[in-house]
Amino acid sequence: MDTLLIDMSDTQDIPQDTDDERIAIREELQGLSFEQLQKLKEEMGTKLFNKKVFSGKHIDPKSKRKNLNFKRENKNRPREVSSKIPPRMVKKTAQPVIPVPKNIPRDPRFDSLCGTFKEKAFHSAYKFVDDIRDKEITILKKKLKKEKNSDEKEKIKYLVQRMENQSREAKLRREKHQQDKEEHTARIQALKHGEKPQFRKKSEQTMLNLVQKFETLKKTGKINKHIEKKTKQMKAKERNQHRYFE
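Residues numbered from 1 in each chain as written. Predicted model: local features only at pLDDT ≥ 70, side-chain atom pairs only at ≥ 80, totals over all residues. Heavy atoms only, no water.

1. A short note on the layout of surface pockets
Stage number 1. Roughly 1300 Å³ of volume is contained in the largest pocket.
Stage number 2. Lining the largest pocket are 27 residues, with Arg-168, Leu-172, Lys-213, Thr-216 and Leu-217 positioned closest to its centre.
Stage number 3. Elements that contribute at least two residues to the lining of the largest pocket include exactly helix H7 (150-192), helix H8 (202-220) and helix H9 (223-245).
Stage number 4. Here the lining of the largest pocket is built from residues that sort into three nonpolar, 12 polar and 12 charged.
Stage number 5. Empty space within the second largest pocket amounts to approximately 390 Å³.
Stage number 6. Those elements that provide at least two residues to the lining of the second largest pocket are helix H5 (119-125), helix H6 (128-146) and H7.
Stage number 7. Here the element with the most residues in the lining of the second largest pocket is H7; it accounts for six residues. (1 Å grid on protein atoms, 1.4 Å probe; cavity = no way out; pocket = protein on both sides within 12 Å on 5 of 7 lines; lining within 4 Å. Points joined across faces, edges and corners; volume = space filled by probe spheres on them. Helix = DSSP H or I, 4+ residues; strand = E, 2+ residues; numbered from the N terminus. Nonpolar A, V, L, I, M, F, W, Y, C, P; charged D, E, K, R; others polar.)

Next comes the structure, spelled out in structure tokens:
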């Protein structure tokens with residue numbers, strides 16, 4: 001036991017132990033308790049204790065890993081690398097951040113930056129659409145005469161009627177704008193001559209519009225059809241009112 005209690009500073013001068021000596025040391029250590037073995041290990045040092053008890057050579061796993069050399073059967077083949085060795089980390093250089101402008105979608109109908117909606121300017125700019133619609137109505141009517149399929153005929157009839165209604169509304173809108181323009185011009189002329197400008201009441205304007213509509217229907221020969229349509233609408237309205245009060 002006295003030979004085992006050696007100072008760490010003298011470990012370099014100790015000769016290599018033989019197998020018989022190592023076996024004798026193990027037999028002596030068998031009678032010691034775990035606490036005594038731990039104390040002995042702390043006094044000697046872990047490296048010297050393992051060297052005396054287990055083996056005379058201490059293998060460093062890192063040095064073993066460094067000495068690995070994978071051979072190739074053919075020089076044209078790539079060198080084999082163990083999958084257990086982690087790859088070397090590549091340092092990422094900081095790249096400058098380029099600011100990207102954010103694309104903000106805008107709807108001109110609801111965006112105040114696009115200005116306010118001007119109905120007259122809009123219809124004046126897209127007046128060519130009315131001309132295109134009139135041409136399409138003529139083409140559809142010719143197609144309707146040649147079509148033999150009943151389902152396709154119904155579709156074309158519905159489309160023609162819809163486009164004619166749109167064309168009629170556009171025409172009435174243009175006439176109203178023209179009338180407003182003439183009235184505005186008449187008021188300006190009255191002011192220039194020192195006269196008081198005339199402004200119609202809402203009831204008078206409504207009556208005038210009805211008279212103009214009646215004259216237009218009379219010229220086109222659709223007054224009877226219009227009266228029948230209005231009568232049917234009034235009857236349906238009265239029927240709904242009676243049903244509501246019942």
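2. Quick notes on the pattern of salt bridges
Stage number 1. Counted by the stated rule, this structure contains seven salt bridges.
Stage number 2. Across the pair Asp-111 and Arg-106 runs a salt bridge whose closest N-O atoms are separated by 3.8 Å.
Stage number 3. You can call Asp-111 buried: its relative accessible area is 14%.
Stage number 4. Looking at Arg-106, the relative accessible area reads 55%, which means it is exposed.
Stage number 5. The salt bridge partner of Asp-130 is Arg-174, with a shortest N-O separation of 3.0 Å. Of this pair, Asp-130 sits in helix H6 while Arg-174 sits in helix H7, and the two are 44 residues apart along the sequence.
Stage number 6. The class for Asp-130 is buried, based on a relative accessible area of 12%.
Stage number 7. If you follow the salt bridges from partner to partner, you end up with Asp-130, Arg-133 and Arg-174 in one network. (Salt bridge = Lys/Arg side-chain N within 4 Å of Asp/Glu carboxyl O. Buried < 20%, exposed > 50% of the residue type's maximum accessible area, 1.4 Å probe, protein only.)

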